[in-house]
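Tertiary structure, described
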Amino acid sequence: MLPMISGEFGVTQEPEMRFSNDGKPWLKIRGVAKDRTWNSETRQYEDKEGSTMYIDITVGGKTAENLAESVTVGDNITIANGTLTMREWTNDAGVTQKAYSIRANDVGVSTRFGPAPSAKSRGTTAPAPKAQEEVAPW
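Residues numbered from 1 in each chain as written. Predicted model: local features only at pLDDT ≥ 70, side-chain atom pairs only at ≥ 80, totals over all residues. Heavy atoms only, no water.

If you look at the biggest cluster of nonpolar residues, it comprises 16 residues, and the most contacted ones within it are F9, I29, I57 and I77. Residue assignment for this core shows that the elements contributing at least two residues are β1 (4-11), β3 (25-33), β6 (53-60), α1 (61-68), β7 (76-90) and β8 (96-109). Apart from residues lying up to four places away in sequence, F9 is in contact with G31, V32, A33, M53, I55, I57, D75, N76, I77, I79 and I102. (Core = buried A, V, L, I, M, F, W, Y, C linked by side-chain atoms within 4.5 Å. Buried < 20%, exposed > 50% of the residue type's maximum accessible area, 1.4 Å probe, protein only. Helix = DSSP H or I, 4+ residues; strand = E, 2+ residues; numbered from the N terminus. Contact = heavy atoms within 4.5 Å.)

Let us now look at the pairing of β3. Among the nine residues in β3, seven count as buried, and that is most of the element. Here β1 pairs with β3 via two bridges, running antiparallel. In the strand pairing of β3, G10 is matched with V32. Where strand β2 (residues 16-19) lies against β3, four bridges are found, and the strand directions are antiparallel. Bridge pairing links F19 to P25 in β3. Here β2 folds back onto β3, and the loop between the two strands holds five residues, one of which, G23, carries a positive phi near 90 degrees. (Pairing = 2+ DSSP bridges.)

On to the environment of E46. Among the secondary structure elements, E46 is positioned in strand β5 (residues 44-47). Taking the C-alpha atoms as reference points, E46 and R36, separated by 10 residues in sequence, lie 5.4 Å from one another. When near neighbours in sequence (up to four residues on either side) are disregarded, E46 contacts D35, R36, T37 and N39. Within the structure, the side chain of E46 is placed 2.7 Å from the side chain of N39, a separation counted as a polar contact. (Polar contact = N/O pair within 3.5 Å; in protein donor to acceptor, adjacent residues only side chain to side chain.)

For α1, the full list of buried residues reads G61, A64 and L67. In an axial view of α1, the angular spread of the buried residues amounts to 100 degrees, which keeps them on one side of the axis. As for α1, its buried residues are in contact with β2, β3, β6 and β8. (Arc of directions from axis to C-beta.)

Below, the structure written as structure tokens:
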């Protein structure tokens, strides 16, 4: 069983929507996470050196469509539930390489640093979510 993961990530590139062969939507987000500590002398947060981690986050189905309309570069997202995955390949030089990514099931726009637009603030209601288990086209 793959490990479950949750966390907060900054969006570093415009989200990329793709569709699988059967027409299911998939969204890829490039996220960044940093280990930050509070410096009481400077009264600012400081990034811990060497702690920056970039990771691809994929979301499928209606969640992908909703998230594509909700986030852009610079936003923070919170993954409530996801799976850490790894893919492995051999490059042209014969060296085995690995890349990690997150297959997110439930993602929201973080409100830690300010409000996020919602169906409530727009005067609409969101439809009930449907559970989906698909394979991303990446």
